[in-house]
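Summary of the model geometry
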Amino acid sequence: MAENLNLDVSEAQIAVHWQEEQVFPPSAQFIAQANMTDPRIFERFSEDKFPECYKEYADLLTWYRYWHTTLDASDPPFWKWFLGAEINASYNCVDRHLDKYKNKAALIWVPEPEDEPHVTLTYQELYVRVNEVAALLRDFAGLKAGDRVTLHLPMVLELPITMLACARLGVIHSVVFGGFSAKACGERIADSGSEVLVTMDGYYRGGKLLEHKAKSDGAIEVAAKEGQTVDKVLIWRRYRGKYVSQAPIVEGRDYFVDDVLRDYVGERVDPVPMPAEAPLFLMYTSGTTGSPKGCQHSTGGYMAYVAGTSKYVQDIQPDDVYWCMADIGWITGHSYIVYGPLSLAATSVMYEGVPTCPDAGRAWRIAEQLSVDIFHTAPTTIRMLRKADPDGPSRYDYQFKHMTTVGEPIEPEVWRWYYYVVGKGKAAIVDTWWQTETGGFLCSTMPAIHPMKPGSTGPAVPGIYPVIYDEDGNEVERGHGRAGNICIRNPWPGAFQTVWGDRDRYVSTYYAKYCKDRNSTDWRDWPYFTGDAAMEAADGYYRILGRVDDVINVAGHRLGTKEIESACLDVPEVAEAAVVPLADPIKGRVPDVYVSLQPDCDPTQVRAAVVRSIEISIGKIARPKHVYVVPDMPKTRSGKIMRRVLAAISNGRDIGDVTTLANPSVVSEIRDMVQG
Ligand code: WT7
């Protein structure tokens, strides 16, 4: 970790602004109704009860066959949970609720245009639609257990329906965030080896009906270049029977799902009992180097973990109306819109668009109309809504009992607005810290057991044993508030199984750094490296300080520096590119781009070309705040670009000693250009 970019940014900021905070106890009213009020859960999940303690979560599910081994750790770090068991995720989220809850709302979909009606699917209706789509996927698309299929879909009901239809068959879904570009989608199709792509014609976002189908054509081209052929494109239509896209339909390859479904009306498909260790889905995420990694999640362990944490940390009960504003295209949506809540027979709300459309009251109107009582969102959204209308929530008649913040550290001041204004001083807040790789929460307060502390995620959740190491692998003494690399000492059922198709990368990225003995088959020798810096306060609460690698957390989502840099280098004039995180009052971090040009190039068009290239490669989410064309990059004598120096310039921080650089004079030139 030569440069420790973000660690610099966060630690400095936090040390200055964030004092130890006053704590807030949960209300008696919340405690009185909560799923988990007994602190002895931590005894039941204590280290000497590991791994058998996780039976408590697994017992929330319905299994075809129980396991003979709770945890097989014989091939570290490839942990295997609930070995010998069989289960189906679709059955657990749908079929098993029919007896008691068939007429209860499973999903409520809120379209972005406010004059379009909400669509409610009861568990019975969800059952019918999942079965029909599963029949289509099996008999029309030829998919079977173990095949991969890419879903490039926006926030529409067809997304969870298709996911659950895949899960019913044991087909591994790979959902690509709808906002990602054709190129990003194509790369993920190729990496996952998907022969089928499920997409949509268009969807509403920010008041506009966006073209979406056109991206599939580009994606398929990109995948083909990487040697992956897509035979079938299944296109959901935003309006049944009406195609809202301009993109052509390719004969023999592209099909409208609503048309094809006519042949499958009334079909039922038995859920396929899957081994607990069978992959349920892939979720791609960015890393320090190379292409995005396909995090492979299991069926049994993952489902047990998201059911357990949804029940006890999210406090979801069947009569709650639960609304998580994340996109299902990210892990939060998989675990805490779809699989966790539905496994508990909750009513889960999905919103198509942005929370400020048509105005900043939209989210609170939805909460009022649907009587939402559990609310889940990210600091970036909280900051945005606060800025847009700081008194908004008071004008709406809703009351949350529970709220979540996730994705990045939340400033205590923003936390207090969330608590007093959004939660009206009555809701319990959980600040859940976790990652795409971890499947579910790692740290959070238990909402009816622990007090809340603004800006701190809280202690580890039951069954998770964190440790903070310094760079040399020494344990940082507990509770002393010293920062280091936070790791998890033990395996847990929600953890991903591997990087799809790249076992070595799984080991080297997540387990090599602090492995005590490569030959050991004792899990205690294989701590999981999260890539986050953190400190533990005397009360055992963790404060997450940000990434220690070259990953930029934009609005709670990880973007790899290298991915953005390589998009810059696609512009022919660009000779070198460096991307650094710039602190942003709403999004937390945004990319700032520095490029140097090939000799004798005309710089006029370069900035726009760089922005375009980044949008084409990744999507608008990665759009940089600035593109600076610099005469040369600050470099070490060995030629390494000093991103740390550029990050300091972007953020107006002290640059430190640069006299040892190969070209110190360029630093002041760049600083004058950026800071004026
Ligand atoms: C990274 C994971 C987990 C779902 C959303 C993001 C940061 C996540 C918190 C939090 C401080 C947080 C970490 C982590 N992060 N939650 N509550 N407090 N930081 O998933 O894209 O895999 O990103 O997000 O840096 O490593 P992701």
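Remember, predicted model here, so these are calculated numbers, not experimental data.

Some words on the overall build of the protein chain
- Along its length, the protein chain carries 21 helices and 30 strands.
- The C-alpha atoms of the protein chain give 24 Å as radius of gyration, which agrees with the globular expectation for 676 residues (26 Å, within 12%).
- Overall, the protein chain is about 75 × 60 × 60 Å in size when its C-alpha atoms are taken along their principal axes.
- Each of the 676 residues in the protein chain was classed as buried or not, and the buried ones make up 65%.
- Across the protein chain, contacts joining residues at least 24 apart in sequence account for 72% of those joining residues at least 6 apart.
- As displayed, the protein chain has an accessible area near 24400 Å², and 49% of this comes from carbon and sulfur atoms.
- A distance of 2 Å separates the average location of the 70 positive side-chain charges in the protein chain from that of its 89 negative side-chain charges.

Some details on the site of the ligand
- Near the ligand lie 18 residues; those nearest to it are D431, T432, T436, D532 and R558.
- A distance of 3.1 Å separates a nitrogen atom of the ligand from a polar atom in the backbone of G407.
- Expressed as a share of its isolated accessible area of 560 Å², the protein-covered part of the ligand is 97%.
- Looking at the shell around the ligand, the elements that each hand over two or more residues are α13 (331–343), β20 (428–432) and β25 (542–547).

Here's the deal with helix α16 (residues 412–422)
- Taken as a whole, α16 has its buried residues at P412, V414, W415, W417, Y418, Y419 and V422.
- Contacts made by the buried residues of α16 are with α14 (362–370), β18 (374–377), α15 (379–388), β19 (402–406) and β20.
- Within two residues after α16, K424 carries a phi angle of roughly 55°, on the positive side.

Considerations on empty space enclosed by the protein
- All told, the structure shown has 4 cavities of 30 Å³ or more when counted by the stated rule.
- Space inside the largest cavity adds up to approximately 60 Å³.
- In terms of lining, the largest cavity is formed by W79, W81, E277, S298, W492, P493, A495, F496, Q497 and Y506.
- Residue classes in the lining of the largest cavity are distributed as 7 nonpolar, 2 polar and 1 charged.

What to know about the packing of α15 against α16
- For the pair α15 and α16, the least separation of the axes is 10 Å and the interaxial angle reads 70°. In terms of axis orientation, α15 runs roughly perpendicular to α16. Across from I382, R383, L385 and R386 in α15, the residues of α16 making contact are E413, V414, W417 and Y418.
- Of the residues contributing to the contact of α15 with α16, the split by class is 5 nonpolar, no polar and 3 charged.

Quick look at the environment of N474
- Along the polypeptide, N474 turns up in the loop between β21 (466–469) and β22 (484–488).
- For N474, a relative accessible area of 43% translates into the label partly exposed.
- Expressed as a C-alpha distance, the spacing of N474 and L143, which sit 331 residues apart in the sequence, is 49 Å.

Looking at the confidence of the model for the protein chain
- When pLDDT is averaged along the protein chain, the result is 94; 97% of the residues meet or exceed 70.
- Taking the mean pLDDT of every element in the protein chain, the minimum, 44, falls on helix α1 (residues 5–17) and the maximum, 99, on helix α5 (residues 89–93).
- For residues 1–16, every residue scores under 50 in pLDDT, and the model assigns this stretch 41 contacts once sequence neighbours within four places are set aside.

Here's the deal with the environment of L597
- Along the chain, L597 falls in strand β29 (residues 588–597).
- Through-space distance from the C-alpha of L597 to that of L569 is 9.9 Å; in sequence the pair is 28 residues apart.
- With near-sequence residues (within four places) excluded, L597 lies in contact with E573, V574, A575, P603, V606, V629 and V630.

Details of the packing of aromatic side chains
- Inspection of every chain in the model, using the stated rule, returns 51 aromatic pairs.
- With 5.5 Å between their ring centres and 75° between their planes, F45 and Y54 make a pair best called edge-to-face. By the burial criterion, F45 is buried, and Y54 matches it.
- Here the guanidinium or amino end of R237 rests over the ring plane of F256, the centre of that ring lying 3.8 Å away.
- The ring of F78 carries R503 above its face, with NZ or CZ at 3.8 Å from the centroid.

Examining unusual backbone geometry
- The peptide bond linking F50 to P51 adopts the cis configuration, its omega dihedral lying at 0°.
- P358 follows C357 through a cis peptide bond whose omega is 5°.
- Structurally, P358 can be placed in the loop between β17 (347–351) and α14.
- With a phi angle near 50°, A555 is a residue other than glycine that sits in the positive phi range.
- Among the structural elements, A555 can be located in the loop between β26 (551–554) and β27 (557–560).

So, helix α10 (residues 213–225)
- Those residues of α10 that sit buried are K213, S216, D217, A219, I220, V222 and A223.
- Lining the buried residues of α10 we find α9 (182–192), β8 (196–200), β10 (208–211), β11 (232–236) and β12 (254–256).
- Just beyond α10, the residue with positive phi is G227, at close to 90°.

Some words on the side chain of E158
- Structurally, E158 can be placed in helix α8 (residues 158–169).
- Residue E158 is classed as buried on the basis of its relative accessible area, which comes to 14%.
- Discounting chain neighbours no more than four positions away, the residues touching E158 are R129, L153 and W236.

A short note on the side chain of D95
- Counting through the fold element by element, D95 comes out in the loop between α5 and α6 (98–101).
- Not counting residues up to four positions away in its chain, the partners in contact with D95 are S90, Y127, R168 and P271.

A short note on the nonpolar core
- One finds Y54, F82, L126 and Y339 to be the most contacted residues of the largest nonpolar core, which totals 125 residues.
- If we ignore the near neighbours within four places in the chain, the residues touching F82 are Y54, A58, W63, W67, T69, T70, A276, G300, G301, A304 and P493.
- Counting residues in each nonpolar core, the second largest holds 39 residues, with A219, A223, V579 and V595 among its members.

What counts and how
Residues numbered from 1 in each chain as written. Predicted model: local features only at pLDDT ≥ 70, side-chain atom pairs only at ≥ 80, totals over all residues. Heavy atoms only, no water. Helix = DSSP H or I, 4+ residues; strand = E, 2+ residues; numbered from the N terminus. Rg over C-alpha atoms; globule rule 2.2 N^0.38 Å. Buried < 20%, exposed > 50% of the residue type's maximum accessible area, 1.4 Å probe, protein only. Contact = heavy atoms within 4.5 Å. Areas by Shrake-Rupley, 256 points an atom, 1.4 Å probe, with all protein chains shown as cover. Lys, Arg positive; Asp, Glu negative; His and termini not counted. Charge placed at Lys NZ, Arg CZ, Asp CG, Glu CD. Near = heavy atom within 4 Å. Polar contact = N/O pair within 3.5 Å; in protein donor to acceptor, adjacent residues only side chain to side chain. 1 Å grid on protein atoms, 1.4 Å probe; cavity = no way out; pocket = protein on both sides within 12 Å on 5 of 7 lines; lining within 4 Å. Points joined across faces, edges and corners; volume = space filled by probe spheres on them. Nonpolar A, V, L, I, M, F, W, Y, C, P; charged D, E, K, R; others polar. Axes fitted to C-alpha atoms, helices over the stretch in contact; angles between N-to-C directions. Parallel < 35°, antiparallel > 145°, perpendicular 65-115°, else oblique. pLDDT = per-residue confidence, 0-100. Phe/Tyr/Trp six-rings, centres within 6.5 Å; stacked < 30°, edge-to-face > 60°. Lys NZ or Arg CZ within 6 Å of the ring centre and 35° of its normal. Core = buried A, V, L, I, M, F, W, Y, C linked by side-chain atoms within 4.5 Å.

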